[in-house]
Amino acid sequence: MPITSVKSYQIRVDDVEVDVYRKRIRHLYIRVGPPDGRVRVSAPIHLDDESVRAAVARRMSWIRRQQEKQSSRGPEPDYQLISGERHYVEGMSVPLNVTTFDGPPTVYLLGESTLEMRVRPDSGLPERRALLARWYRQRLESRVPAIIAAWEPVMGVKVAEWRIRRMKTRWGTCNCRARRIWLNLELARKPARCLEYVIVHEMAHLIEPSHNRRFWGILDKLMPDWRTYREELNRFPVTGHAG
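Residues numbered from 1 in each chain as written. Predicted model: local features only at pLDDT ≥ 70, side-chain atom pairs only at ≥ 80, totals over all residues. Heavy atoms only, no water.

> What is the right way to read unusual backbone geometry from this model?
A negative phi holds for most residues other than glycine; trans holds for most peptide bonds. Backbone geometry at Glu 90 places phi at a positive 50 degrees, although glycine is not the residue there. By the secondary structure assignment, Glu 90 is in the loop between strand S5 (86–89) and strand S6 (92–100). A relative accessible area of 24% means that Glu 90 is categorised as partly exposed. Residues other than glycine seldom take positive phi values, yet Arg 179 does so here, at roughly 55 degrees. Within the element layout of this structure, Arg 179 appears in the loop between strand S10 (172–175) and strand S11 (180–184). (Helix = DSSP H or I, 4+ residues; strand = E, 2+ residues; numbered from the N terminus. Buried < 20%, exposed > 50% of the residue type's maximum accessible area, 1.4 Å probe, protein only.)

Dropping the structure here:
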């Protein structure tokens, strides 16, 4: 029977457990979420369960490939923010050097070779994480406007607003009605080409809201190497935090 109210529940397709989220949307979307390869489906309210199962079954080969990729990845480092750790900054792996002093806490990149963090002697891990997250945010905020400004005339769209937030499963999202783009704070750790890909991807939704054939054709025309950038992004899962 068709579903008439919004709800979430589980179904099983072959040996795969699937989380189904009923939403007021037009199309069905399948996502294999890091870090455990959990399959999540966003489905229109009117679509019956058999149609959902059939859609998942058709994508099963792709789902298993994504799960294999995620299972082969090592765990994300449990950062303690102490000297000697290596952190990514715009795609570069740099060592962290932590020093203590009584002035205002700061973070800066020393010659693109060392990430310097200066903190008060009594600072703990939460304070250091918050400090590094603010620094990542500032760097990301300084890079985004130029990318959007460069692509707006090329794509013939206008971004009304963009924001940065922590996200657990996505690199970016787009509210097409508000023409607002959200970007994952963790993109501050990724190379410039990956950040640009995510921005162009979300801006393309202002032309075509759905992930359909037209959408991917738009990306192919605008950024022919986008698959390479997406693969580079997805080599490691979204952790939901930078710092």
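> Is there a simple way to think about the pattern of salt bridges in this case?
Side-chain pairs of opposite charge can arise where the charged atoms are in close proximity. This model, assessed by the stated rule, comprises 14 salt bridges. Its salt-bridge partner being Asp 49, residue Arg 22 comes within 2.8 Å of it at the nearest N-O pair. Placement of the pair is Arg 22 in strand S2 (residues 16–23) and Asp 49 in helix H1 (residues 49–58), with a sequence separation of 27 residues. Between Glu 90 and Arg 143 there is a salt bridge, and its shortest N-O distance comes to 3.8 Å. Residue Glu 90 is found in the loop between S5 and S6, and its partner Arg 143 is found in helix H3 (residues 125–155); the two are separated by 53 residues along the sequence. On the basis of relative accessibility, which here comes to 15%, the residue Arg 143 falls in the buried class. Through salt bridges with shared partners, a single network forms among Arg 12, Glu 17, Asp 19 and Arg 38. (Salt bridge = Lys/Arg side-chain N within 4 Å of Asp/Glu carboxyl O.)

> Looking at this model, I keep getting lost on the packing of aromatic side chains. Mind explaining?
For any two aromatic rings, the description comes down to two numbers: the centre-to-centre distance and the angle of the planes. Per the counting criterion, the structure on display carries 4 aromatic pairs. The interplanar angle of 80 degrees and the centroid separation of 4.9 Å between the aromatic rings of Phe 215 and Trp 216 together place this pair among those described as edge-to-face. Overall, the relative accessible area of 0% leaves Phe 215 in the buried class. Every member of this aromatic cluster is reached through a ring pair, and the members are Tyr 197, Phe 215, Trp 216 and Trp 226. (Phe/Tyr/Trp six-rings, centres within 6.5 Å; stacked < 30°, edge-to-face > 60°.)

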